[in-house]
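# Coordinate analysis (summary)
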Amino acid sequence: MTTTTTQQDATTPPAGRKAVLDASGVTMRFGGLTAIKDVDLQVHTGEILGLIGPNGAGKTTFFNCLTGLYVPTEGTVSYKGTVLPHRSHLVTQAGIARTFQNIRLFANMTVLENVLVGRHTRTSEGLFSALLRGPGFRRAEQESEDRAMELLGFIGLQDKREHLARNLPYGDQRKLEIARALASEPGLLLLDEPTAGMTAGETTATRELVLAIREEGTAVLVIEHDMRFIFNLCDRVAVLVQGEKLVEGSPETVQNDERVVAAYLGTPFEGEPGEAEAAEVQAAERAHETGPLKAGGTAGTAGTAAEAEGDEH
Ligand SMILES: Nc1ncnc2c1ncn2[C@@H]1O[C@H](COP(=O)(O)OP(=O)(O)OP(=O)(O)O)[C@@H](O)[C@H]1O
């Protein structure tokens, strides 16, 4: 069921675009369980790629392999042509930022402070400079704050800069997570279920935000269960099923692939609905009309499908 299909439009980079992310043969085993098996995936500059799959398909595990949280059992992950180290802060420094399925903000810090935390990989001032609070440090601090305020403006939270993160409404907390990730100036942003628990309005706002992020020059790889969101947003979609890439291609290609439907809904029964089942339902309906249930569970004279069929002729 999990044969990999590579569509013509799946691997060919759009003209003039290069791969920012190149995951090759990524496999992740936990003891006897293979959560990810030999997955290849590329994300190109200016692209929004969706990663979908049923619960437990391995999407988050794959993200963890990309971002250095897990060391893949096999395979490599490259960013702009350089193989990434298996350390998450080095991956962030290289240019990949992410958000998590469950919000991970510093609840007791302000909105602004949360974004400033996200900038630490982009500030070069050392410990001594920070302790002495010399001119170099103060300048860097001001630059960081200016950039953080720019990002808060970008997500529409500039007026809440002094609010504690824990006091923000849920949708704003999600946006703040994205701003914190953007503070590291990534070339690729990974979003893990960014619209989980959101209202329809918040989901639409998130879609617009992701499109604006792409406009600013950051490629996006997004995991999401909300299919409408994915198919309306993404340039391409990849489907993971039981740890393997099943299909990859345009939203239309993926939506129309029967194996994707089967993976989500289960394999359909062979053939048409059985005549016997249909007759049974009809018989039960007639029995209901004919009279009260007799002891033994049959109604009137129409106890079985066969009898019902016989009655009709
Ligand atoms: N640290 C771990 N140790 C052992 N097994 C794990 C670990 N992390 C994930 N798994 C297993 O790997 C498989 C894939 O899980 P994963 O969370 O990546 O799926 P998912 O596609 O993100 O699911 P969901 O959509 O429900 O979030 C599951 O069987 C899960 O139980």
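Residues numbered from 1 in each chain as written. Predicted model: local features only at pLDDT ≥ 70, side-chain atom pairs only at ≥ 80, totals over all residues.

## A closer look at the site of the ligand
As a structural note, the neighbourhood of the ligand is formed by F30, L33, A35, G53, N55, G56, A57, G58, K59, T60 and T61. Where the shell around the ligand is concerned, the elements lending two or more residues are β3 (33-44) and α2 (59-66). Among the elements that take part in the shell around the ligand, α2 stands out by supplying three residues, more than any other. (Near = placed C-beta within 6 Å. Helix = DSSP H or I, 4+ residues; strand = E, 2+ residues; numbered from the N terminus.)

## A few points about the sheet that holds strand β6 (residues 82-83)
Taken in spatial order, the four strands line up as β3-β2-β5-β6 in an open sheet, and their pairing is antiparallel. One side of each edge strand has no neighbouring strand; the edge strands of this open sheet are β3 and β6. Direction of pairing for strand β2 (residues 19-30) relative to β3: antiparallel, over a ladder of eight bridges. Of the residues in β3, the one forming a bridge with V26 is V39. (Pairing = 2+ DSSP bridges.)

## Focus on the pairing of strand β9 (residues 219-223)
Across the five residues of β9, five count as buried, placing the element largely inside the fold. Going residue by residue along β9, you find A219, L221 and I223 tucked away on one face and V220 and V222 tucked away on the opposite face as well. With four bridges joining them, strand β4 (residues 48-52) and β9 adopt parallel strand pairing. The residue bridging L51 from the neighbouring strand is I223, located in β9. (Buried ≥ 20, exposed ≤ 12 C-beta atoms within 10 Å, placed from the backbone.)

## Brief notes about the nonpolar core
Core analysis: the biggest nonpolar cluster contains 68 residues, and L152, A179, L188, L189, V220, L221 and V239 have the highest contact counts within it. Contact partners of V239, with chain neighbours within four places excluded, come to I52, G53, L246, V247, V254 and V260. (Core = buried A, V, L, I, M, F, W, Y, C linked by C-beta atoms within 7 Å. Contact = placed C-beta atoms within 7 Å.)

## A look at the confidence of the model for the chain
Across the chain, the average pLDDT comes to 84, with 77% of residues at 70 or higher. Per-element mean pLDDT across the chain ranges from 39 in helix α13 (residues 305-312) up to 98 in β9. When the criterion is pLDDT under 50, residues 1-9 qualifies, and its contacts beyond four places in sequence or with other chains add up to 15 contacts. Segment residues 293-313 is flagged for pLDDT under 50; beyond a separation of four residues in sequence, or across chains, it makes 31 contacts in the model. (pLDDT = per-residue confidence, 0-100.)

## Here's the deal with α2
Because the α-helix completes a turn every 3.6 residues, residues three or four places apart line up on one side. Counting buried positions along α2 yields seven of eight residues, so the element is predominantly enclosed. Taken as a whole, α2 has its buried residues at K59, T61, F62, F63, N64, C65 and L66. G68 lies just past α2 and shows a positive phi near 80°.

## Some points on unusual backbone geometry
Of note in this structure, E185 is not a glycine but carries a positive phi near 55°. Within the secondary structure layout, E185 lies in the loop between α7 (170-182) and β8 (188-192). Positive phi is not limited to glycine here, since E193 has a value of about 50°. Checked against the element boundaries, E193 lands in the loop between β8 and α8 (200-215).

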